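Observations on the three-dimensional arrangement
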Amino acid sequence: MKKKIGVYICHCGGNISDYVDIEKVKAAVKDEAHVYLLKNTMFACSDSSQKEMEEDIKTSELDAIVVASCSPKLHVPTFRGVTSRAGLNPYNYVQVNIREQSSWAHSDDPTGATEKAILLVKAGIARASESQALTSLKIATTNAVAIIGAGVGGLRSAIALADMGTEVYLIEKENNIGGHVADYGALFTSDIQGKELIASLQTELKKRSCIKLFTHAEIIDKKGSIGNFDIKVQTGNEIPPLHIGAFIMNTGFDNYEPKEGEYSYGLFDSVITISRFNKLVDQSNGKFIYNDREIHTIAYIYCVGSRQDLEGENKYCSRYCCTAAIHTSIQVKKKFKNITNLHYNRGIRTYGKQELLYDESSRNDDIYMQFSLDNIPQVKQKGNKTIITVKDILSAGKEIEAEVDLIVLVTGMIPRKNENLVHQFKLPVGRDHFFNEIHMKLRPVETVIDGVLIAGTCQSPKNILETINSSMAAAAKANSILTKGEISLEPTLAMVNPAACLICDQCFKACQFDAILETVYENRKVAKINSSNCKGCGMCTPVCPTDAIDLAGFTNAQIEGMIDALVD
Amino acid sequence: MNTILPANNEQDKITDFDVLVIGAGIAGEESSLKLADMGFRVLLIEKEPSIGGKMILLSKVFPTLDCAACITTPKVSETARHPNITLLTLTETESIVKEDNGLFSATLNKHPRYVIEKDCTGCQECERVCPVITEDQFQFNLVARKAVYIPFNIANPRIALIDIENCILCGLCEHKCPSACIDFSQKEEIIQVKVKSVIVATGFKLFDPALIPRYGYGKFKNVITSMQMERELAPTRPFNNILRPSDGKTPGKIAYIFCTGSRDQTCGNSICSQVCCMYSTKQAQLLMGALPMADITMYYINIRAFGKGFNEFYMQAQDMGAHYIKGKVASVSEKENGDLILRYEDIVTGKVTESEHDLVVLSVGLLANPAIIQVFKNTTLELDASNYIKQPDLMQSPAVTSIEGVFVAGTATAPMDIPDTIMSAGAAAAETSGYLKQLS
């Protein structure tokens, strides 16, 4: 039982204190048993607050602390650091979330938010008073990474990891490497050829003996946790099981395939997608011929498959297509004579330096017309002519009709169907069906699954430069985890009281991770926890009929104390 | 002189480092942390008195509406505390010379704080007695500060410094300071270090809207910049409310002028700043929360809502009631009561129109910050056509610069948002680590 608890209530600079009455919370919890010190702070996470807590722990000899601020997802490592530096066991610290769970959830009801915050803090104090010191397990890790997908991003991750001294298994499900980019011609904004970029990366790959490439391959089995995963890879040849420390998902995107009839796609030969068009441009020389006709006037319809507004459609912007289409249209004008480019767009998004391409295209006399979703361009055929009509926002809604030789649908990126991987890894998928990172702003390549990183377009649409940056960032993250050779594991594991165990099979059934073994105690069989497999999920504790299993950090005594405080 | 550089957790004298990181905004922090975690010894220098760059001064971030201070402070303290990172604030690079053996010899200038760093407790007693009142640059001049001051509430290190330009040397702070840490005798300190590699993470500059006189910034009090609005909305805000500067009135009809200093050849910046559409949209959402009765009008050219969750966020702002008008504002004029008249071409109607607002926010763009190239003495750090650090191998190795062993991270390469900056800084760390491994 902890008897000198320090309680810190954070304003979060108004995020909490604008709705939760901090003084009321303080008044309500000040007489709780074992509260020795009670403070409020503008930002508990700021360096000065952290130093103050360290001083408090030392000078008042606190034996536990409670921080009532934001989600434990954000700051548990921060305050564990505070306790460790002050010489207090980090598991004698309890985080209470009065931001996401009180002030943000009940911003319409400050009184209710305050009452809820009071109960949550009381429960946190109860949990802290029953807290026990725990010691992290240190386990050795393997400095090897499996990269799933050998597109431009996967190749670059592999090279970066190899250069940092990490072994790489590069696993590609197709027979060839390079993904989409291997088929691309000139790339914006550097004008180097996609195939040359891939060839150059392939040359670099071959120079590095610590990269093993498997094509036509996929992972069929995966076990273990961060630092030590065992995987089986299926390919044409027999491959021994691989032992790795982390994964980088670099599984890429698919092109949106227009529905039949979408802007007359599939109905008229003159309506094609941008990827088909790019290949056509690439393969044509001299005259630009399509279906035995020389092409002079090209209409580009933007946002096909992106920025849609119906339920179940793609609400997101695909990011790269505006620039890609403009870049292509510039190439076409350079390569062939008498070309007229008509751009039917929904607001051009050539962000950053890509704006220079939009400038160039506008100076080239390309014509830009803008439409809204309620007035999309209409495509018709008159004889062998293709006619496109639009109400152009840029000319005050005037209806403009044009006869064109070719209509190019600027299609967006869609998330790959990766059901097997999602199932195998329990990968988090967002509303847009791309993989979700753990924190969108500051941890864009990490996921909630320790040791599983995401990079490139499987996380969200990106251009090549952005894909390379994220792939190298994932490589840096993986290497920084594995290069030390050891990692600390959470000590919040299940434990069996053998005297109480009657060895029924309930916990064996409940455990998803094969973490329960049999052992012998006083000449009878009892259950035992395999700590390297236990994830501390707590599934086994409630099913035990004799309460013989407890979860460190979330013991029955702690949980019961919390419930008492909440219903008091 | 050769100087003692105490690392965060040790008192060894160190003058050799694996990498010198210039700039301790989020890019410099991220690169430093990754390399330090890999076991490299990092010297991180920052010319400002606090680390955290621009992000630590922001209100919330798009499109998650996370509080910027809440998510960035852990990274800031982790940086300041990492055993492999030596951090120097108020420090600038004087020169970097590449030697024949491939190492870099860097001369740094640590400006005097006039406060003994290790003794200051951040109690702010000195601020209370200082008689000088001057503009607070960290609140973008919305309010004043003293000549001895802590940069801002969540600064790191959270210790005082004296702005000697404005100090009248009255000595009141010196008498008041309970830990006797005011020291007017401090001088500039020249520090020589040897490093194996350099990461340039010098960030961006904000466009100065006084360069577009027709918008009236600096002349009309109620024309403010988006960074000033950012401060008004921040948790560490100067007022506890949204006010307009001329009379302290709560604004009811707010206008945003997008692309101020971006996509505009007349002010020398043709490119798009990549973040202004979204930060303006974010501010509009926050303002609609803070001032439910206010009308908010966004005058834009194109909306660049391209990143993950951005388009959805833009749709949400419209659903909440923000009014988006496609049209470039030609000029702003002021009425006697401080209200402002905007003259613009409404593209949808095709008409030139005027409208009245009681506060105008200029969505200022990001500019390149190329001054750092001058410190490279016997090598040339090249710039691209937009004055950002040139990336000669853009598609394969975006962190590589024109000098072998010198890498670049974040908005020193181009305008970008926070996640793109973090990824670019991660890429720079990977590139630097690979380079260092191959040296050894």
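Each value, and the rule that gives it
Residues numbered from 1 in each chain as written. Chains lettered and ligands numbered in written order. Predicted model: local features only at pLDDT ≥ 70, side-chain atom pairs only at ≥ 80, totals over all residues. Helix = DSSP H or I, 4+ residues; strand = E, 2+ residues; numbered from the N terminus. Rg over C-alpha atoms; globule rule 2.2 N^0.38 Å. Buried ≥ 20, exposed ≤ 12 C-beta atoms within 10 Å, placed from the backbone. Contact = placed C-beta atoms within 7 Å. Domains from an automatic or database assignment. Nonpolar A, V, L, I, M, F, W, Y, C, P; charged D, E, K, R; others polar. Core = buried A, V, L, I, M, F, W, Y, C linked by C-beta atoms within 7 Å. Expected span 1.5 Å × (residues − 1). Pairing = 2+ DSSP bridges. Axes fitted to C-alpha atoms, helices over the stretch in contact; angles between N-to-C directions. pLDDT = per-residue confidence, 0-100. Right-handed = clockwise from strand over helix to strand, strands pointing away.

1. Things to note about the overall build of chain B
Secondary structure assignment for chain B yields eight helices and 23 strands. Over its C-alpha trace chain B gives a radius of gyration of 23 Å, about what one expects of a compact globule, namely 22 Å for 440 residues. Overall size of chain B, expressed as C-alpha extent along the three principal axes, is 65 × 60 × 35 Å. Of all 440 residues assigned to chain B, the portion counted as buried reaches 54%. Excluding contacts between residues fewer than 6 apart, the proportion of contacts in chain B whose partners are at least 24 apart in sequence is 69%.

2. Overview of the overall build of chain A
When you go through chain A residue by residue, the secondary structure sums to 15 helices and 30 strands. With the C-alpha coordinates aligned to their principal axes, the bounding extent of chain A is approximately 90 × 60 × 40 Å. Partitioning the contacts of chain A with sequence separation of at least 6, the portion at a separation of at least 24 is 70%.

3. Quick look at unusual backbone geometry
In this structure, the amide linkage connecting F188 of chain A to the following residue, T189 of chain A, adopts the cis form with an omega of -10 degrees. Here T189 of chain A shows up in the loop between β7 (167–171) and α7 (194–207). In this structure, the amide linkage connecting F62 of chain B to the following residue, P63 of chain B, adopts the cis form with an omega of -10 degrees. Relative to the helices and strands, P63 of chain B is located in the loop between β3 (60–61) and β4 (66–67). Positive phi is not limited to glycine here, since L90 of chain B has a value of about 50 degrees. Checked against the element boundaries, L90 of chain B lands in the loop between β5 (85–88) and β6 (91–98). Even without glycine at this site, R263 of chain B takes up a positive phi of about 50 degrees. On the secondary structure map, R263 of chain B appears in the loop between β15 (253–260) and α6 (276–290).

4. Focus: the domain arrangement of chain A
When its domains are assigned, chain A resolves into domain 1 (5–135), domain 2 (144–252 + 416–487), domain 3 (262–412) and domain 4 (493–551). Measuring from the centre of the C-alpha atoms in domain 3 of chain A to the corresponding centre in domain 4 of chain A gives 63 Å.

5. Things to note about the interface of chain A and chain B
Counting residues at the interface gives 63 residues for chain A and 65 residues for chain B. Secondary-structure elements contributing two or more residues to the side of chain A that touches chain B are α2 (47–59), α3 (72–85), α6 (152–163), α7, α10 (355–363) and α12 (464–482) of chain A. Tallying contributions element by element places α12 of chain A first for the side of chain A that touches chain B, with 13 residues. Partitioning the side of chain A that touches chain B into residue classes produces 31 nonpolar, 20 polar and twelve charged.

6. A look at the nonpolar core
Residue and element names in this part refer to chain A. Core analysis: the biggest nonpolar cluster contains 289 residues, and V66, V121, V145, I407 and L453 have the highest contact counts within it. Counting residues per element, this core draws most heavily on α12, which supplies eleven residues. Formed by 16 residues, the second largest nonpolar core is a distinct cluster that contains L493, C501, A527 and I549.

7. Topic: the domain arrangement of chain B
Residues and elements named next belong to chain B. Each assigned domain of chain B is listed with its residue range as follows: domain 1 (1–111 + 188–204 + 368–440), domain 2 (114–184) and domain 3 (207–366). Between the C-alpha centres of domain 2 and domain 3 the distance comes to 34 Å. When the residues that make up the side of domain 2 that touches domain 3 are grouped by side-chain class, the tally is five nonpolar, two polar and no charged.

8. What to know about helix α1 (residues 26–37) of chain B
Residues and elements named next belong to chain B. Helix length check: α1, at twelve residues, gives a terminal C-alpha distance of 16 Å against a target of 16 Å (1.5 Å per residue), a fit within 8%. The buried count for α1 comes to twelve of twelve residues, which makes it a mostly enclosed element. Within the span of α1, buried status applies to I26, A27, G28, E29, E30, S31, S32, L33, K34, L35, A36 and D37. Looking one or two residues beyond α1, the residue adopting positive phi is G39, at roughly 100 degrees.

9. Description of the sheet that holds strand β11 (residues 242–244) of chain A
Residues and elements named next belong to chain A. Read across the sheet, three strands follow the order β9-β10-β11 without closing on themselves; strand pairing throughout is antiparallel. Every interior strand has two partners, whereas the edge strands, β9 (218–225) and β11, have only one. Ignoring which end each strand starts from, the neighbouring axes of this sheet average 25 degrees apart. Here strand β10 (residues 228–234) pairs with β11 via three bridges, running antiparallel. Opposite I231, over in β11, you have L242 as the bridge partner.

10. Notes on the confidence of the model for chain B
Should pLDDT be low for a region, the predicted coordinates there are not to be read in detail. Residues and elements named next belong to chain B. Scored by pLDDT, chain B comes out at a mean of 94, with 97% of its residues at no less than 70. When the criterion is pLDDT under 50, residues 6–12 qualifies, and its contacts beyond four places in sequence or with other chains add up to twelve contacts. Model confidence for the complex: the whole-complex pTM is 0.92, and ipTM, which rates the interface, is 0.95.

11. Quick look at the pairing of strand β20 (residues 378–382) of chain A
All names here are of chain A. Both β20 and strand β21 (residues 385–392) contribute to a ladder of five bridges, which runs antiparallel. By the bridge assignment, V379 is partnered in β21 with I388. Counting the residues that bridge the hairpin from β20 to β21 gives two residues, and of these G383 lies at a positive phi of roughly 60 degrees.

12. Concerning the sheet that holds strand β4 (residues 93–97) of chain A
Sheet strands pair by backbone hydrogen bonding; their relative direction is either parallel or antiparallel. Residues and elements named next belong to chain A. The four strands are arranged β2-β1-β3-β4 in an open sheet whose pairing can be described as parallel. One side of each edge strand has no neighbouring strand; the edge strands of this open sheet are β2 (35–41) and β4. Across the sheet, the mean angle from the axis of one strand to that of its neighbour is 15 degrees, orientation sign disregarded. Across five bridges, strand β3 (residues 64–69) lies against β4 in parallel orientation. Residue pairing across strands places I65 opposite Y93, the latter belonging to β4.

13. Some remarks on helix α8 (residues 418–439) of chain B
Taking 1.5 Å per residue as the helical rise, α8 of chain B with its 22 residues ought to reach 32 Å, and the 31 Å between its terminal C-alpha atoms agrees with that figure. α8 of chain B sits mainly inside the fold: 18 of its 22 residues count as buried.

14. Quick look at the pairing of strand β1 (residues 5–10) of chain A
Residue and element names in this part refer to chain A. Most of β1 sits out of view: six of its six residues are buried. The side-chain alternation of β1 yields two buried faces, one formed by I5, V7 and I9 and the other by G6, Y8 and C10. Pairing of β1 with β3, which is carried by five bridges, proceeds in the parallel orientation. For V7, the partnering residue across the bridge sits in β3 and is V66. Here β1 runs beside β2; their pairing, made up of six bridges, is parallel. The partner of I9 across the bridge, within β2, is N40. In the classification by handedness, the crossover that spans β1, the intervening helix α1 (residues 22–29) and the parallel β2 is right-handed.

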